[in-house]
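Reading the structure
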Amino acid sequence: MRFSQLPRSIRQLTTHVLAIVLGVVLTVSTLRVSPSQAEPAPISPTADSQQLIAQRSSPATTAIGNNSFVTAAVNRVGNAVVRIDTERTVSRRVPDPFFDDPFFRRFFGDSFPRQMPQEQMRGLGSGFIIDRSGLIVTNAHVVDKADKVTVRLKDDRTFEGKVLGADEVTDLAVVKINTGADLPVAPLGSSSNVQVGDWAIALGNPLGLDNTVTLGIISTLRRSSAQVGIGNKRLDFIQTDAAINPGNSGGPLLNGQGEVIGINTAIRGDAMGIGFAIPIDKAKVIAAKLQRGEKVDHPFIGIQMLDLTPEVARRINSDPNSPVQTPEINGIFVVRVVPNSPAAAAGIRPGDVIVEVDRQRVNKGEQLLEIVDSSRVGQTLQLKVQRGNQIQQVSLRTAQLQDAS
């Protein structure tokens, strides 16, 4: 019998039963596929889910967190960082053909006043407070030959600064301001604990943009001034990829804990993505002497040198224009002797090879510089020198570097 031939009441009852059964089935199915609050449903790798994954926190973001360690470091030190403005008056004579004309000068004579135009030179740098009384450390080149030094605090207060001392060889200077109140101080760390790959945070006023912060890492340690290309300095720099630009000079380089580990110095105009800082351990020693008005000793011997290896020696000997023949050994080849220097007085000659200093073997210029720098001005050093095939013992007495001309 067909469903349409059944009595109407039976057909209605059957329809209601089927509807109830279908509703129960759909309800059970929905319960099975609906995610519970305790167990989120997995997201399939669709295009939308890929966008969601990209928006999740990266490992770096997770490590830094919402409260950045950079923010904490800047908050700890920022108020102690200052801006240093300098002014210097430069007089220059502008030649005037009218005044220099012999016919004109016969009437007025040499006593006629010449025009001496004056030009105001302005400079900008950074520094940071190391003592509540107002002692500030900066770079020597920031305040070099300045007639007026103005120190601006982060709260925009300005004070006249007095340069207590400066040392060009280490590019360090100490400035004093008198505020009549305690000042915020930058906590000093130790550069001896710094490792390659550590965080580096540079603070200062680069290009006149006050209160600027840049972030990077320590790229390398003990980068010598000779390698950097400034032979008139005696420093082993901390190298960083944190941006250090003109105006950053004298500002602090911080570690991740907000401690000063170096003093920023912008010394290479062609350096792209590379900055240098004076290690704070070196700066502590020099700054202590400068604030007392003491002169910083820098012993020197007065030679221009080259690291010698057998390969380098063979290249020198094969050059037909070379004035000397050098032994094919490891040592320090003397390229030039400074006139009236300790080396000249001791009889050192170009072409000599220094192999020992005070019984210490030396193969690189950095080793010799370290020995000389750790000596005292006026101290006698014993050098073993090879000249051709002859070995000679030479006594050499160090002198003060600033006295060299």
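The structure this text deals with has already been given above.
Below, the structure is looked at part by part. (Residues numbered from 1 in each chain as written. Predicted model: local features only at pLDDT ≥ 70, side-chain atom pairs only at ≥ 80, totals over all residues. Heavy atoms only, no water.)

Some details on the overall build of the protein
Heads up, the condition is: A run of H or I in DSSP becomes a helix once it reaches four residues, and a run of E becomes a strand once it reaches two; helices and strands are each numbered from the N terminus. The rule is simple: take the accessible area with a 1.4 Å probe, protein chains only, and divide by the maximum for that residue type; under 20% is buried, over 50% is exposed, in between is partly exposed. Whether two residues touch is decided by their heavy atoms; if any such pair falls within 4.5 Å, the residues are in contact.
Along its length, the protein carries 12 helices and 20 strands. Scored against the burial criterion, the 405 residues of the protein give a buried share of 37%. Of the contacts made within the protein by residues no fewer than 6 positions apart, 63% connect residues no fewer than 24 positions apart.

Here we look at the side chain of Thr214
Here is the rule: Two N or O atoms count as a polar contact when they lie within 3.5 Å, although within protein this holds only if one can serve as hydrogen donor and the other as acceptor, and sequence-adjacent residues are included solely when both atoms are side-chain atoms.
Relative to the assigned elements, Thr214 resides in strand β8 (residues 212-224). For Thr214, a relative accessible area of 17% corresponds to the buried category. Looking at Thr214, its side chain comes within polar contact range of the main-chain oxygen of Ala243, at 3.0 Å. Setting aside chain neighbours within four positions, we find Thr214 in contact with Ala200, Ile201, Ala202, Ala242 and Ala243.

Comments concerning the side chain of Asp171
Along the chain, Asp171 falls in the loop between β5 (158-167) and β6 (172-176). Separated by 3.2 Å, the side chains of Asp171 and Thr265 make a polar contact. For Asp171, the contacting residues outside a window of four places in its chain are Thr138, Asn139, Ala140, His141, Lys233, Thr265 and Ile278.

Side note on the pattern of salt bridges
Cut-off, in case you're wondering: The term salt bridge refers to a side-chain nitrogen of Lys or Arg lying within 4 Å of a carboxyl oxygen of Asp or Glu.
In the structure shown here, the tally under the stated rule is 13 salt bridges. Its salt-bridge partner being Glu328, residue Arg314 comes within 3.5 Å of it at the nearest N-O pair. With Arg314 in helix α10 (residues 310-318) and Glu328 in the loop between α10 and β15 (331-337), the pair connects residues that are 14 residues apart, well separated along the chain. Classification of Arg314 by relative accessible area gives partly exposed; the value is 44%. Across the pair Arg387 and Asp352 runs a salt bridge whose closest N-O atoms are separated by 2.8 Å. Here Arg387, found in strand β18 (residues 380-387), pairs with Asp352, found in the loop between α11 (342-345) and β16 (353-357); they are 35 residues apart in sequence, far enough to count as distant.

Some points on the pairing of β6
Looking along a regular strand, one sees the side chains alternate between the two faces of the sheet. Put simply, the rule is: One bridge is not enough; two strands pair if DSSP finds at least two bridges between them.
Taken across its 5 residues, β6 has 5 buried, putting it largely inside the fold. The pairing of strand β3 (residues 135-138) with β6 spans 4 bridges and is classified as antiparallel. Residue pairing for β6: Thr138 is matched across the bridge by Ala173. Looking at chain direction, β5 and β6 are connected through 5 bridges and run antiparallel. Within β6, the residue paired with Val163 across the bridge is Val175. In sequence, β5 turns back onto β6 through a hairpin of 4 residues, with Asp171 there showing a positive phi of about 55°.

Here's the deal with the environment of Ala146
As for its position among the elements, Ala146 is in the loop between α7 (140-143) and β4 (148-152). For the pair Ala146 and Asp85, spaced 61 residues apart in sequence, the C-alpha to C-alpha distance is 9.4 Å. Ignoring anything within four residues of it in the chain, the contact list for Ala146 reads Thr86, Glu87 and Arg88.

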